[in-house]
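Listed here are the chains, written in short residue letters.
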Amino acid sequence: MTKILFSDKLDKCVERWKSAGFTVIGPVQRANISTYAAVEHAAELEFGHVLPDRSIKDLFFPQSEPMLRYTIKKESIDTSECLPPSGPRIIFGARPCDASGMAIDDPLFGWDYKDEYWFQRRNESVIVTIACTKSDDFCMCTSLKMSPDSTKGSDILLRPLENNKGWQVEELTGRGREAFKTIADILQESSEQVAPLAIVEKKFDLDACVAWLQNPEHFESRFWKEISMRCIGCASCTYLCPTCHCFDIQDEGDTYTGIRRKNWDSCSFALFTMHTSGHNPRSTQSARWRQRIMHKFNYFPGKFSVNSCSGCGRCSRQCPVDMGITETLQEISKLSQ
Amino acid sequence: MTENIHNTQQNIYKPAIMKIVGRHDEAPGVKTMRLEFQDATDHQFFKETFRTGMFGLYGVYGEGESTFCVASPETRKDYIECTFRQSGRVTSALANADIGDLITFRGPYGNRFPIEEFHGKNLLFISGGIALPPTRSVIWSCLDQREKFGKVTIVYGARTVADLVYKHELEEWQERSDVDLVLTVDPGGESPDWKNRIGFVPTVLEEAAPSPDNCIAIICGPPIMIKFTLISLKKLGFDESNVYTTLENRMKCGLGKCGRCNVGSIYVCKEGPVFTAAEVSRMPAADL
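Source: prediction; values computed, not measured.

A. Structural context of the overall build of chain B. A count of helical and extended segments in chain B gives 8 helices and 15 strands. For a compact globule of 288 residues, the expected C-alpha radius of gyration is about 19 Å, and chain B comes in at 18 Å, within 12% of that figure. For chain B, the spread of C-alpha atoms along the principal axes amounts to about 50 × 40 × 40 Å. Considering chain B as a whole, with its 288 residues, one finds that 49% of them fall into the buried category.

B. Quick look at the interface of chain B and chain A. Each partner contributes to the interface: chain B provides 32 residues, whereas chain A provides 40 residues. Class assignment of the residues belonging to the side of chain B that touches chain A gives a composition of 11 nonpolar, 13 polar and 8 charged.

C. Geometry of the confidence of the model for chain B. All names here are of chain B. Confidence along chain B averages 94 in pLDDT terms, with 97% of residues attaining 70 or more. Taken together, the stretch residues 1-9 has pLDDT below 50 and engages in 14 contacts with residues farther than four places along the chain or on a different chain. As scored by the predictor, the complex reaches a pTM of 0.93 and an ipTM of 0.91.

D. Seen up close, the sheet that holds strand β3 (residues 33-38) of chain A. Residue and element names in this part refer to chain A. Taken in spatial order, the 8 strands line up as β3-β2-β6-β7-β8-β9-β1-β10 in an open sheet, and their pairing is mixed. The open sheet has two edge strands with one neighbour each: β3 and β10 (188-190). Along the sheet, successive strands turn relative to each other by an average axial angle of 35°, direction set aside. The pairing of strand β1 (residues 2-6) with β10 spans 3 bridges and is antiparallel. Note on β10: the bridge partner recorded for isoleucine 4 is glutamine 188. On the sheet, helix α5 (residues 174-181) packs against β6 (89-94), β7 (125-130), β8 (156-160) and β9 (166-171) and is oriented at approximately 130° with respect to β9.

E. Structural view of the nonpolar core. Among the nonpolar cores identified, the biggest contains 158 residues, and A:Ile90, A:Ile91, A:Val128, B:Val155, B:Ala217 and B:Ile218 are the most heavily contacted of them. Sequence-distant contacts of A:Ile91, defined by excluding residues within four places in its chain, comprise A:Ile25, A:Tyr36, A:Ile56, A:Leu59, A:Ser125, A:Val126, A:Ile127 and A:Val128.

F. A look at the sheet that holds strand β3 (residues 55-60) of chain B. Residue and element names in this part refer to chain B. With antiparallel pairing, the 6 strands of this open sheet are ordered in space as β4-β3-β6-β1-β2-β5. Lying at the two open borders of the sheet, with one neighbouring strand each, are β4 (64-69) and β5 (80-85). The sheet shows a mean angle of 40° between the axes of neighbouring strands, taken without regard to direction. Here strand β2 (residues 30-37) runs beside β5; their pairing, made up of 6 bridges, is antiparallel.

G. Up close: helix α5 (residues 201-208) of chain B. All names here are of chain B. When we look at burial in α5, the residues that qualify are Val201, Pro202, Val204 and Leu205. Buried residues along α5 cover an arc of 165° about the axis, so they all sit on one side. On its buried face, α5 is in contact with β7 (122-128), β8 (152-158), β9 (180-185), β10 (197-198) and α6 (223-235). Just downstream of α5 lies alanine 209, where phi reads positive at about 40°.

H. Region of the structure containing unusual backbone geometry. The omega angle of the peptide bond from B:Gly107 to B:Pro108 is 0°, so this bond is cis rather than trans. Looking at the element boundaries, B:Pro108 is found in strand β6 (residues 102-109). Omega for the bond connecting B:Gly272 with B:Pro273 falls within 30 degrees of zero, at 5°, which places this linkage in the cis form. Its place among the elements puts B:Pro273 in the loop between α7 (268-271) and β15 (274-276). Positive phi, normally seen in glycine, also occurs at A:Ser305, with a value near 55°. On the secondary structure map, A:Ser305 appears in the loop between α9 (285-304) and α10 (314-317). Notably, A:Asp322 is not glycine yet its phi reads approximately 55°, a positive angle. You can see A:Asp322 is positioned in the loop between α10 and α11 (325-335). Residue classification places A:Asp322 among the exposed residues on the basis of 9 C-beta atoms within 10 Å.

How each quantity is defined
Residues numbered from 1 in each chain as written. Chains lettered and ligands numbered in written order. Predicted model: local features only at pLDDT ≥ 70, side-chain atom pairs only at ≥ 80, totals over all residues. Helix = DSSP H or I, 4+ residues; strand = E, 2+ residues; numbered from the N terminus. Rg over C-alpha atoms; globule rule 2.2 N^0.38 Å. Buried ≥ 20, exposed ≤ 12 C-beta atoms within 10 Å, placed from the backbone. Contact = placed C-beta atoms within 7 Å. Nonpolar A, V, L, I, M, F, W, Y, C, P; charged D, E, K, R; others polar. pLDDT = per-residue confidence, 0-100. Pairing = 2+ DSSP bridges. Axes fitted to C-alpha atoms, helices over the stretch in contact; angles between N-to-C directions. Core = buried A, V, L, I, M, F, W, Y, C linked by C-beta atoms within 7 Å. Arc of directions from axis to C-beta.

Here it is in structure tokens:
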């Protein structure tokens, strides 16, 4: 017997969480995009996608975020902080890859200097993840040594029952347990069978790829030019990636008052590393694609002991020219044989 | 060499407010500003953390922030001096700011030149053009405690006489008996009354032939100067681990998060900007 949350009770849960002060966020359809947004009723939630187009990164690290508001006066300058709207949130229906993506970026936003914009949102969010029973050709969690029911980064893991009847509940953290106390009487003890997990085929040999990337001789390999020849530098892969964290800081306003913002940026843009002098350390698209792969599978794990990739496959799924991490690592797997 | 500073005081993106108390034209398009903290806590934090070699992000609200070194020494922490060339949006706004105006500063960030390790050693400073400011911070940090170091040699060159920065300080160093200053300009860059060397920095360095014995070399300049100066230093017998330099890369945060200043796996903002030539030679050259 395990705890079950039946689908037809979900609306009651949403009500209960809202009255307990939580903002309830989940997968929704907006125009042609599936994404995550705050909802009022369970009926707004869309669970049919393998994976929403946008990841839950947007909820912790928005595309554009006000950080400071400045006012320049005659004799002084006032700077005030614009912190994220506070209050507890339940993110219902994250995917295991997205949830682990947030945990992957924690050390980056916290090493030495703590980014309070990230951590305020992290500390106020309960991530309720639904294990995957569907996958597509782009899913690659198993290649990253994760699985359709990985628990990393999640506070609650829900395993879908057969016929979309509901979910088996596994409480993983104190924060998750606390949030689910509010719906304790809605959950039912039952011996319902869970639906089989999605089968995600292993697409490349991660260890072999990492070893190849760590070899300094491969930094200037012809491979980088060949694999990135068709990259148009659009940055879709970095924006949709749950772990890509690069940003720009820009002021918006006039000489007297305005806002300093943190905006998503991307290593695939030429301007990203351009010096004032005109010198650009990564002046070609191949150097920029190499940076992205090296960063995810060599530099980042070197610093934080974890790959900066959670295997969601969005980079390949949404790439307008059909390249991505999967294709690149598959090629590297071949090279390293 | 890495000493990470934990800034737990406040929002890491919130800058300190600085008043411009001095402003000096160094060379065409190049200015030095002297800045004073407006907030005692910010100043105290700077006094506790600043060591020579560290950098900061200087900004004008509405325009943005730019990264350059702190050009003043760690022995003089009542103010910050910065020297920059007017070239983009932020540096133009800074250049247009006047004495009494307020600008912003975030930092100090990064690692430093470990000058205590240089005690008792001879120092050779080599610098080119607008790269004298970071070197100058180390030079004064050492000259302000002159007795702790051996012979001090400074080799400085610029494209033309007009492009030499800190001209008044160059005169001062030239007059000091405890400093050996070698000044040069590129061929064609001399003025009729130029009495110093004419030639590129690496060539002039080889002519001056400082001994590598018990000597630390600190070089700072454009990549092309560094490349050839390292070759010259090798010829003179300097070991790569006794040669220090400081790298610059585009930065937005200065805090190891915005993701662009890395050379290979090394984040210039956190693990640098000061590196030994031995460390630089281990970095992937194609990423520099």
